[in-house]
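Each chain, letter by letter, is given below.
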Amino acid sequence: QVLSLPIVVIVHGNQDNNAKATVLWDNAFSEIDRVPFVVAERVPWEKMCDTLNLKFMAEVQTTKGLLKEHYFFLAQKIFNDHSASLEDFQSRNVSWAQFNKEILPGRGFTFWQWFDGVLDLTKRCLKSYWSDRLIIGFISKQYVCKLLSTEPDGTFLLRFSDSEIGGVTIAHVIRGKDGSSQVENIQPFSAKDLSIRSLGDRIRDLGQLRNLYPNTPKDQAFGSHYNSEWVGAD
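Going along each chain's sequence as written, the residues are numbered from 1 onward. Side-chain atom pairs in this predicted model are given and counted only at pLDDT of 80 or more, local residue features only at pLDDT of at least 70, and totals for whole chains, interfaces and linings cover all residues. Side-chain metrics in this entry use all non-hydrogen atoms of the structure; hydrogen atoms and water are not considered.

To sort residues, take the accessible area from a 1.4 Å probe on protein chains only and compare it with the maximum for the residue type: under 20% means buried, over 50% means exposed, and anything in between is partly exposed. Helix and strand assignments follow DSSP, with helices taken as H or I runs no shorter than four residues and strands as E runs no shorter than two, numbered in order from the N terminus. Across the 6 residues of strand β3 (residues 155–160), 6 count as buried, placing the element largely inside the fold. Where burial is concerned, the two faces of β3 agree: the one with Thr155, Leu157 and Arg159 and the one with Phe156, Leu158 and Phe160 are both buried. Strand pairing requires that DSSP identify at least two bridges connecting the strands. Of the strand pairs in this sheet, β3 and strand β6 (residues 211–212) are connected by 2 bridges, and their pairing is parallel. Bridge assignment links Thr155 to a residue of β6, and that residue is Asn211. The pairing of β3 with strand β4 (residues 168–175) spans 5 bridges and is antiparallel. Looking at β4, one finds that Phe160 is bridged to Val168.

What follows is the structure, encoded as C-alpha cells:
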C-alpha cells in the first residue's frame, strides 16, 4: 500500500490559506498508521514550535531559524496569555482551533493567517535582512517600548506588524530635551511597498533612524542592502 502526501482540493483562491494550514497540520501531526483523515485535535506547543520553525526556514529558504524569544512571542499570541512564562508555555497543548479557527483578539484574522502573511512577506522581500539577523520580527509592541525607552534617540528595530497581515514596521525612540522618551511605530510596509522601494533604502531615507538596536550604526547594519544607484546620487 502506497500513501501520498496529504492534498486539499479548493474551488477558489480565497481558500488557499486554509488549505495550507490543513496540509501543514496533517503533515506535522498525523500518525503513519492512523485511521484515514484522523489527526490530533491538540498537540504539544513544543511540537508546534518545531513545525513553525521548519516551515519558516523552508519557505523563506534561510538557514536562520526562529529563536527562543520568537517562540515566546508566538506563544503569547496564539494562547492570548501575556502573564505566563516561557516554561509555562512549554507544557501546554495548542488546538487546531487556536491555530486556524479562532480570530485573534481585536483582529480580523487567525494565528495561521497572520503567520502565513509573515512567511510570504519575508520570502518575497526580507529574506536577506532576516538571514543577516537585522529583523527581530516576532516581538510585541509592548516589549519593544520596554527595550527602546531607555536607549539613545534614534535607536530602532524592525518587527512584524500585529495589526496587519504581511507587514513590517520600524519602531524607534524619540528622546526629548528633558530626557523623556517616546517610542513611535512607523506605518507598516507591505510587500507592495517594498517592491517599489526596498526596506534598506527606506531606512536610509529616514533621518530620524540612527542605530539599529542595541547600538549598530544604521549604515553599518544596512549599507550592503542600499541600492547602489541611490548611494551614488548623494
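Attention now goes to the packing of helix α2 (residues 45–60) against helix α6 (residues 111–131). For any two helices packed against each other, the geometry is given by the interaxial angle and the distance between the axes. Convention adopted: a line fitted to C-alpha atoms gives each axis, helices being fitted over their contacting stretch, and angles between N-to-C directions are expressed from 0 to 180 degrees. Between α2 and α6, the shortest axis-to-axis distance is 9 Å and the interhelical angle comes to 45 degrees. Between α2 and α6, the interaxial angle falls into the category oblique. As α2 packs across α6, the resulting crossing turns out to be right-handed. Listed contacts from α6 to Leu52, Lys55, Phe56, Glu59 and Val60 of α2 are Phe111, Trp112, Phe115, Val118, Leu119, Thr122, Lys123, Lys127 and Trp130. Under the grouping applied here, Gly and all other residues not named as nonpolar or charged are polar, the nonpolar ones being Ala, Val, Leu, Ile, Met, Phe, Trp, Tyr, Cys and Pro and the charged ones Asp, Glu, Lys and Arg. Grouping the amino acids of the contact of α2 with α6 by side-chain chemistry returns 9 nonpolar, 1 polar and 4 charged. Roughly parallel refers to an angle under 35 degrees, roughly antiparallel to one over 145, roughly perpendicular to one between 65 and 115, and oblique to any angle outside these ranges. Throughout, a crossing is termed right-handed when the near helix is turned clockwise from the far one, and left-handed when it is turned anticlockwise from it by less than a right angle. In what follows, residue pairs with any heavy atoms lying within 4.5 Å of each other are defined as contacts.

Attention shifts here to the packing of aromatic side chains. Side-chain rings of Phe, Tyr and Trp (the six-membered ring for Trp) are treated as a pair once their centres are within 6.5 Å; stacked means planes under 30 degrees apart, edge-to-face means over 60, and tilted covers the remaining angles. Counted by the stated rule, this structure contains 21 aromatic pairs. Plain terms: the ring middles of Trp45 and Phe79 are 5.6 Å apart, the flat faces sit at 70 degrees to each other, and that makes the pair edge-to-face. Taken together, the positions of Trp45 in helix α2 and Phe79 in helix α3 (residues 68–79) put the pair 34 residues apart, joining distant regions of the chain. The class of Trp45 is buried, set by a relative accessible area of 2%. Between Phe115 and Phe138, the ring centres sit 6.0 Å apart and the planes meet at 20 degrees, which makes this aromatic pair stacked. Of the two residues, Phe115 is situated in helix α6 and Phe138 in the loop between α6 and α7 (141–148); the sequence distance between them amounts to 23 residues. For Phe115, a relative accessible area of 0% puts it in the buried group. Assessed through its relative accessible area of 2%, Phe138 is described here as buried. Ring pairs connect the aromatic residues Trp25, Phe56, Phe73, Trp96, Phe99, Phe111, Trp112, Trp114, Phe115, Trp130, Phe138 and Phe160, which therefore count as one cluster. For Lys77, the ring lying beneath its charged end belongs to Trp114, and the centroid distance is 4.5 Å. In this structure, Arg92 packs its charged tip against the face of Phe79, placed 5.4 Å from the ring centre. A ring is scored as having a charge over it whenever the NZ atom of a lysine or the CZ atom of an arginine sits within 6 Å of its centre and within 35 degrees of its normal.

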